[in-house]
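Take a look at the letters that make up each chain.
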Amino acid sequence: MDNKINPIRALTNKIKKILVSEDIILIRVSWSETKVIPAIIKIIALSVFSLDSIIYIEKVIKINTQKKYNVIGIMSGTSMDGIDCSYIKTDGKNFVSIINENSYKYSKNYRYKLKKIIKFFNDNKLLRNKKYIKKHEIIITKKFIQIIRKFIKEYNIEFKSIDYIGLSGQTVFHNPKNKKTIQLGSCKEIQKKLNIKIVGNFRENDIKNGGQGAPIGAFYHQYILNNYSSKSAIINLGGIANIC
């Protein structure tokens with residue numbers, strides 16, 4: 001007698017055990033099971049649910065089969081209170097799952113140093129160049145490396161499991177009207193020290209393309225509004241206010 005479990009039969013049983021609550025359907029389908037031909041899944045589901053339910057099932061299956069990335073997001077706002085770290089799994093579009101997250105407050109001494117750097121760039125228009133940016137960037141790059149390592153160690157995250165680190169940098173000067181913004185924190189140096197791919201320079205690229213220098217917040221807010229309430233607005237109050 002063949003003791004192997006028929007994948008179609010196993011999936012059929014799972015579909016029949018789906019929890020239905022009004023229009024919300026929770027489908028517990030493992031990664032391996034989503035590799036079964038979608039057409040067969042649809043035929044099985046049609047015998048149990050309505051067409052609207054099938055569309056939702058297909059959407060969930062599509063999300064489950066898309067490639068997922070393990071990403072650490074690093075945020076240090078203009079409020080200068082600390083660094084936020086979030087370790088997530090995402091396909092970059094429809095699926096986001098938070099694995100670990102934490103905030104690390106700046107010391108009074110470090111905040112004082114940051115304020116001096118910000119004052120320097122705001123008071124010295126002629127010195128907003130690469131030479132002086134590099135000079136002041138070292139202290140901030142070291143802080144990012146220190147906090148990222150602390151976060152990874154605290155949650156026992158394996159370095160090899162991290163696909164990317166997203167880093168916005170520390171804003172020390174921001175004037176979108178004149179298309180000028182300065183973020184400190186060397187992506188190149190951090191990538192070299194941690195041996196993990198870094199994605200950064202979000203604000204400068206956004207301003208060059210007609211934005212206000214806050215592209216990540218807009219994507220996040222759009223995701224929330226599309227999934228929960230399309231007739232709403234979100235205000236993000238930090239050192240600089242954003243509205244979506």
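Structure first, text after, so check above.
A quick note: this is a predicted structure, and the numbers were derived from the prediction, not measured. Position numbers for residues count from 1 along each chain, tracking the sequence in the order it is written. Reporting in this predicted model follows two pLDDT cut-offs: at least 70 for local features of residues, and 80 or more for side-chain atom pairs to be given and counted; totals over whole chains, interfaces and linings ignore these cut-offs and use all residues. Only hydrogens and water are set aside; all other atoms, that is, all heavy atoms of the structure, feed into the side-chain values.

(A) Representation of the pattern of salt bridges within the structure. We define a salt bridge as a side-chain nitrogen of Lys or Arg found within 4 Å of a carboxyl oxygen belonging to Asp or Glu. In this structure the tally under the stated criterion is 2 salt bridges. We note a salt bridge from E204 to K208, for which the minimum N-O separation is 3.4 Å. You can see E204 and its partner K208 sitting in helix α7 (residues 202–208), 4 residues apart, about one turn around the helix. Overall, E204 belongs to the partly exposed group, its relative accessible area being 30%. Secondary structure follows DSSP: runs of H or I at least 4 residues long count as helices, runs of E at least 2 residues long count as strands, and numbering of each begins at the N terminus. Only protein chains enter the area calculation, which uses a 1.4 Å probe; residues under 20% of their type maximum are buried, those over 50% are exposed, and those in between are partly exposed.

(B) Broad picture of the packing of aromatic side chains. Classification of ring pairs uses Phe, Tyr and Trp, with its six-membered ring standing for Trp, and accepts pairs whose centres are within 6.5 Å; under 30 degrees between planes counts as stacked, over 60 as edge-to-face, and the remaining range as tilted. The full count for this structure, using the stated rule, is 5 aromatic pairs. Ring geometry for Y104 against F151: centres 6.5 Å apart, planes inclined by 85°, an arrangement best described as edge-to-face. Separated by 47 residues along the polypeptide, Y104 in strand β5 (residues 96–105) and F151 in helix α5 (residues 130–154) bring together distant segments of the chain. The exposure class of Y104 is buried, given its relative accessible area of 7%. For F151, a relative accessible area of 0% puts it in the buried group. The interplanar angle of 55° and the centroid separation of 4.7 Å between the aromatic rings of Y106 and Y110 together place this pair among those described as tilted. The exposure class assigned to Y106 is buried, which follows from its relative accessible area of 10%. Taking relative accessible area as the criterion, Y110 reaches 6% and is therefore assigned buried. Pairwise contacts between aromatic rings join Y104, F151 and Y155 into one cluster. The ring centre of Y110 lies 4.8 Å from the NZ or CZ of K143, which sits over that ring. Remark: a charge is flagged as sitting over a ring if the NZ atom of Lys or the CZ atom of Arg is within 6 Å of the ring centre and within 35 degrees of the ring normal.

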